[in-house]
Amino acid sequence: MFSVEVRDRIMIAHSLPDPAFGPAQNMHGATFVVDVAFFREELTRHNIVVDIAAALEVLGNILRPIGYQNLDILPQFKGELTTTEFLCKYIFDKFVDAAASGALGPDGKSLARLRVTLSETDLARASYEGPIRG
């Protein structure tokens, strides 16, 4: 399986109001390195996995509305515990929509899999991976 990864960064604020999260129940900030990996079994006719420029643009468009924001007050996250794992799936779903709409270029619709990884530090990260179609 071939893969290509793109990367960006995001800074957010949020709280995780549940006793399971200990001190993270309180408002705090997080800076994430966001890696998105695209997979396909065969290269396109241009011998690529995905248009890297388009993938970077889509990633920026997904992150921009939530960057430097308090996730606790954004309507799309109302009632959610915005854990790192949850945010991975949120970004994954946005990429699936982008692929279906053609925003990843004409070959984006035929990608096999996608993995979104958010790294909080060099010691801790979370991912969500799944098929990008079907």
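The notes below deal with the structure included here. (Residues numbered from 1 in each chain as written. Predicted model: local features only at pLDDT ≥ 70, side-chain atom pairs only at ≥ 80, totals over all residues. Heavy atoms only, no water.)

1. Quick look at the overall build of the protein
Thinking step 1. Counting its regular elements, the protein contains two helices and five strands.
Thinking step 2. Along the protein, helices (α) and strands (β) appear in the sequence β-β-α-β-α-β-β when read from the amino end.
Thinking step 3. Here the C-alpha atoms of the protein give a radius of gyration of 16 Å, agreeing with the 14 Å that 2.2 N^0.38 yields for 134 residues.
Thinking step 4. Overall, the C-alpha framework of the protein stretches about 50 × 30 × 25 Å when taken along its three principal axes. (Helix = DSSP H or I, 4+ residues; strand = E, 2+ residues; numbered from the N terminus. Rg over C-alpha atoms; globule rule 2.2 N^0.38 Å.)

2. Brief notes about the side chain of R40
Thinking step 1. Residue position: R40 is located in strand β2 (residues 28-40).
Thinking step 2. No salt bridge is formed by the buried R40; its nearest oppositely charged neighbour, D107, is found at 5.5 Å.
Thinking step 3. At 2.8 Å, the side chain of R40 forms a polar contact with the backbone oxygen of V49.
Thinking step 4. Engagement of the side chain of R40 in a polar contact is seen with the backbone oxygen of D107, the distance being 2.7 Å.
Thinking step 5. When residues no more than four places from it in sequence are discounted, the contact partners of R40 are M1, F2, I48, V49, D107, S110, L111 and A112. (Buried < 20%, exposed > 50% of the residue type's maximum accessible area, 1.4 Å probe, protein only. Lys, Arg positive; Asp, Glu negative; His and termini not counted. Salt bridge = Lys/Arg side-chain N within 4 Å of Asp/Glu carboxyl O. Polar contact = N/O pair within 3.5 Å; in protein donor to acceptor, adjacent residues only side chain to side chain. Contact = heavy atoms within 4.5 Å.)

3. Some details on the sheet that holds strand β3 (residues 69-70)
Thinking step 1. An order of β3-β1-β2-β4-β5 is seen for the five strands of this open sheet, with the pairing classed as mixed. With partners counted over all chains shown, the strands left at the sheet margins are β3 and β5 (125-131), one partner each.
Thinking step 2. The pairing of strand β1 (residues 2-14) with β3 spans two bridges and is parallel. Paired with I12 across the strands is Q69, a residue of β3.
Thinking step 3. Most of the contacts of helix α1 (residues 52-63) go to β1, to which it runs at about 20°, and overall it touches β1 and β2. (Pairing = 2+ DSSP bridges. Axes fitted to C-alpha atoms, helices over the stretch in contact; angles between N-to-C directions.)

4. What about the nonpolar core?
Thinking step 1. Formed by 35 residues in total, the largest nonpolar core has its most connected members in V34, V36, F38, I91, F95 and L104.
Thinking step 2. Of all the secondary-structure elements, those providing two or more residues to this core are β1, β2, α1, α2 (84-101) and β4 (113-119).
Thinking step 3. In terms of residue count, the dominant contributor to this core is α2 (eight residues).
Thinking step 4. Leaving out residues up to four positions away in the same chain, L104 has contacts with F38, V50, D51, A54, A55, V58, F95, A98, A99 and L111. (Core = buried A, V, L, I, M, F, W, Y, C linked by side-chain atoms within 4.5 Å.)

5. What about empty space enclosed by the protein?
Thinking step 1. Applying the stated criterion to the full structure yields one cavity of 30 Å³ or more.
Thinking step 2. Within this model, the largest cavity holds a volume of roughly 40 Å³.
Thinking step 3. Forming the walls of the largest cavity are I10, I12, F32, I66, L71, L87, I91 and L118.
Thinking step 4. Breaking the lining of the largest cavity down by element, the ones donating at least two residues are β1 and α2.
Thinking step 5. Across the lining of the largest cavity, the residue classes break down as eight nonpolar, no polar and no charged. (1 Å grid on protein atoms, 1.4 Å probe; cavity = no way out; pocket = protein on both sides within 12 Å on 5 of 7 lines; lining within 4 Å. Points joined across faces, edges and corners; volume = space filled by probe spheres on them. Nonpolar A, V, L, I, M, F, W, Y, C, P; charged D, E, K, R; others polar.)

6. Looking at the packing of α1 against α2
Thinking step 1. Following both chains from N to C, one finds α1 and α2 inclined at 130°, their axes separated by 10 Å at the closest point. As the angle between them shows, α1 and α2 are arranged oblique. In this structure, the crossing between α1 and α2 has a hand that is right-handed. Across the interface between the two elements, A55, V58, L59, I62 and L63 of α1 pack against I91, K94, F95 and A98 of α2.
Thinking step 2. Each residue belonging to the contact of α1 with α2 can be placed in one class, and the counts come to eight nonpolar, no polar and one charged. (Parallel < 35°, antiparallel > 145°, perpendicular 65-115°, else oblique. Left-handed = near helix turned anticlockwise from the far one by under 90°.)

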